[in-house]
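Each chain is listed here by its residues.
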Amino acid sequence: NEFLSTGNGIRIPLTMIAGVANKACESIFDKRPYTDFADFLKRVNKSKAGKKVVINLVKAGSFDSFNKNRSLLLTDYYNFRNEEQEVYFWCDEVQMMYENQVFGFTLGKDPLDGYTNKNISEFEEDSIINIIGIIKDTRVIKDKNQKEMAFLTIENKECSFSGVVFSYAYPKLKQHLEIGSKLNFKGKKQGSSVLINDTNRI
């Protein structure tokens, strides 16, 4: 359960991966080495390394030495289980999405590389601003008129800030307000929050 510095980078313990506990790790290590992914699926203790564990291991890149196309590995796993499940076409964006899902951050590439990342503190209070970010959390509630609105936690490479989407804007914007969405947010700055009235994908 320790980070290990190597000549090629830093090794992260498997327990850093969402849903992977010590018992699963011990079971996986007990059967090493594995010749390929199919060998792993045949021999691993399925009662200790179940479906969620295997899927998250794939998304984290634990089997990249067998195949760097993690979407293809997921397809192989669903086929092994005789399940029909569509997976994303493998690309850099999907890799970053998978890593965000299982680590809460990306390993190497950042989805906001190449964009102008600004700190919300750079903007004047009560001004209308445009700021990019990725939605990390979203909470939908009903206001006093029983209409839906949302509170967002948003991050970019410079800062973390809150987003508030009032009921007048929520119906128009809700299709964009998913965790992991990479957006430009437009609205009024209030402290470390943006009162969002419009978004567009970047």
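These numbers come from a predicted model, not from an experiment.

1. Concerning the overall build of the protein
Link 1 in the chain: For the protein, the helix and strand inventory stands at 6 helices and 7 strands.
Link 2 in the chain: When the elements of the protein are put in sequence order from the N terminus, they spell out β-β-α-α-α-α-α-β-β-β-α-β-β.
Link 3 in the chain: For the protein, the spread of C-alpha atoms along the principal axes amounts to about 60 × 40 × 30 Å.
Link 4 in the chain: Buried positions account for 38% of the 202 residues belonging to the protein.
Link 5 in the chain: Across the protein, contacts joining residues at least 24 apart in sequence account for 49% of those joining residues at least 6 apart.
Link 6 in the chain: As presented, the protein carries roughly 12100 Å² of accessible surface, and 47% of it is formed by carbon and sulfur atoms.
Link 7 in the chain: In the protein, 29 side chains carry a positive charge and 26 a negative one; their mean positions are 4 Å apart.

2. Here's the deal with unusual backbone geometry
Link 1 in the chain: Along the chain, Arg32 connects to Pro33 via a cis peptide bond; the corresponding omega equals 0°.
Link 2 in the chain: Within the secondary structure, Pro33 sits in the loop between α1 (22–30) and α2 (37–43).
Link 3 in the chain: Residues other than glycine seldom take positive phi values, yet Asn82 does so here, at roughly 60°.
Link 4 in the chain: As for its position among the elements, Asn82 is in the loop between α4 (70–80) and α5 (92–103).
Link 5 in the chain: Its identity is not glycine, yet Asp126 carries a phi of approximately 70°, on the positive side.
Link 6 in the chain: Along the polypeptide, Asp126 turns up in the loop between α5 and β3 (128–142).

3. Looking at the environment of Phe37
Link 1 in the chain: By secondary structure assignment, the location of Phe37 is in helix α2.
Link 2 in the chain: Distance in space between the C-alpha atoms of Phe37 and Asp64 is 9.6 Å, their sequence separation being 27 residues.
Link 3 in the chain: Not counting residues up to four positions away in its chain, the partners in contact with Phe37 are Val54, Val58, Phe63, Phe66, Leu73, Asp76 and Tyr77.

4. Focus on the nonpolar core
Link 1 in the chain: Of all hydrophobic cores here, the largest spans 26 residues; its most connected members are Phe37, Phe40 and Leu57.
Link 2 in the chain: Those elements that place two or more of their residues in this core are α1, α2, α3 (51–60), α4 and α5.
Link 3 in the chain: Examining the composition of this core, we find that 6 residues originate from one element, α3, more than from any other.
Link 4 in the chain: With 19 residues, the next largest nonpolar core counts Ile131, Cys159, Leu173 and Leu177 among its residues.

5. Observations regarding the pairing of strand β5 (residues 160–165)
Link 1 in the chain: Here 6 bridges tie strand β4 (residues 148–155) to β5, and the two strands are oriented antiparallel to one another. Bridge pairing links Leu152 to Gly163 in β5.
Link 2 in the chain: Taking the residues that link successive antiparallel strands as the turn, the β4-β5 hairpin has 4 residues.
Link 3 in the chain: Pairing of β5 with strand β7 (residues 193–201), which is carried by 3 bridges, proceeds in the parallel orientation. Along β7, the bridge assignment pairs Gly163 with Val194.

6. With respect to the side chain of Asn156
Link 1 in the chain: Relative to the helices and strands, Asn156 is located in the loop between β4 and β5.
Link 2 in the chain: Judged by relative accessible area, Asn156 falls into the buried class, the value being 11%.
Link 3 in the chain: Polar contacts involving the side chain of Asn156 include one to the main-chain amide nitrogen of Glu158, which spans 2.7 Å.
Link 4 in the chain: Only 2.8 Å separates the side chain of Asn156 from the backbone nitrogen of Cys159, close enough to count as a polar contact.
Link 5 in the chain: Discounting chain neighbours no more than four positions away, the residues touching Asn156 are Leu112, Asn117, Lys118, Ile131, Ile132, Gly133 and Phe161.

7. Some words on the pairing of β7
Link 1 in the chain: Both strand β6 (residues 182–190) and β7 contribute to a ladder of 8 bridges, which runs antiparallel. Residue pairing in the sheet places Phe185 in a bridge with Thr199 of β7.

8. Let's talk about the packing of α4 against α5
Link 1 in the chain: One way to put it is that α4 packs onto α5 with a least axis distance of 10 Å and a crossing angle of 65°. Only Val94, Gln95, Tyr98 and Glu99 of α5 make contact with α4, whose side of the interface consists of Arg70, Ser71 and Leu74.
Link 2 in the chain: Per-class residue counts for the contact of α4 with α5 are 3 nonpolar, 2 polar and 2 charged.

Scoring rules and cut-offs
Residues numbered from 1 in each chain as written. Predicted model: local features only at pLDDT ≥ 70, side-chain atom pairs only at ≥ 80, totals over all residues. Heavy atoms only, no water. Helix = DSSP H or I, 4+ residues; strand = E, 2+ residues; numbered from the N terminus. Buried < 20%, exposed > 50% of the residue type's maximum accessible area, 1.4 Å probe, protein only. Contact = heavy atoms within 4.5 Å. Areas by Shrake-Rupley, 256 points an atom, 1.4 Å probe, with all protein chains shown as cover. Lys, Arg positive; Asp, Glu negative; His and termini not counted. Charge placed at Lys NZ, Arg CZ, Asp CG, Glu CD. Core = buried A, V, L, I, M, F, W, Y, C linked by side-chain atoms within 4.5 Å. Pairing = 2+ DSSP bridges. Polar contact = N/O pair within 3.5 Å; in protein donor to acceptor, adjacent residues only side chain to side chain. Axes fitted to C-alpha atoms, helices over the stretch in contact; angles between N-to-C directions. Nonpolar A, V, L, I, M, F, W, Y, C, P; charged D, E, K, R; others polar.

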